[in-house]
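# Observations on chain architecture
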Amino acid sequence: MAEIHERRVNENKLDTVLAEDISFEGEASFTKELMIKGRYSGKIRATGSLYIAAEADVEADIVAESVYVRGRVKGSISASSRVELQGLSLIHISEPTRP
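Okay, so let's go over this structure. (Residues numbered from 1 in each chain as written. Predicted model: local features only at pLDDT ≥ 70, side-chain atom pairs only at ≥ 80, totals over all residues. Heavy atoms only, no water.)

What follows deals with the nonpolar core. With 20 residues, the main nonpolar core has Ile36, Leu50, Ile52, Val58, Ile62 and Val67 as its most contacted residues. For this core, the elements supplying multiple residues, two or more each, are β2 (23–30), β3 (34–36), β4 (39–46), β5 (49–52), β6 (57–69) and β7 (72–85). With 6 residues, β6 is the largest single contributor of residues to this core. Sequence-distant contacts of Leu50, that is, excluding residues within four places in its chain, are made with Phe30, Leu34, Ile36, Ile44, Ile62, Ser66, Val67 and Tyr68. Core analysis: the next-biggest nonpolar cluster, separate from the first, contains 5 residues, Met35, Tyr51, Ala53 and Tyr68 among them. (Core = buried A, V, L, I, M, F, W, Y, C linked by side-chain atoms within 4.5 Å. Buried < 20%, exposed > 50% of the residue type's maximum accessible area, 1.4 Å probe, protein only. Helix = DSSP H or I, 4+ residues; strand = E, 2+ residues; numbered from the N terminus. Contact = heavy atoms within 4.5 Å.)

With that settled, the discussion passes to the pairing of β7. Two elements, β6 and β7, share 12 bridges in a ladder whose sense is parallel. Each residue of the ladder has a partner; that of Asp57, found in β7, is Arg72. The pairing of β7 with strand β8 (residues 90–93) spans 4 bridges and is parallel. Within the sheet, the bridge partner assigned to Arg72 lies in β8 and is Leu90. (Pairing = 2+ DSSP bridges.)

Following the sequence through the fold, Ser49 ends up in strand β5. With relative accessibility at 10%, the residue Ser49 sits in the buried group. Sequence separation between Ser49 and Ser66 is 17 residues, and the spatial gap between their C-alpha atoms is 4.7 Å. Leaving out residues up to four positions away in the same chain, Ser49 has contacts with Phe30, Lys32, Glu33, Leu34, Ser66 and Tyr68.

Below, the structure is given as structure tokens:
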């Protein structure tokens, strides 16, 4: 049987967290880590890691170094390092995900 390893992140150590009560629409770019816990719609361009929390609802075209998904994502994901689907993540990808 395969082993399952989840990367848990301490959000207190992240530079930016979009909280559960935040709804954002537009384009975001960042170089450090970001966690989305609320709603996000638009584009994300990052050289850092993106964490999508279990309660998050994201509809976006995502380009990042690494993407860790526990919540809901609709759109495209392109990661230069890795994409991890964790827990009960729900994904609807409009384009193939590439490493």
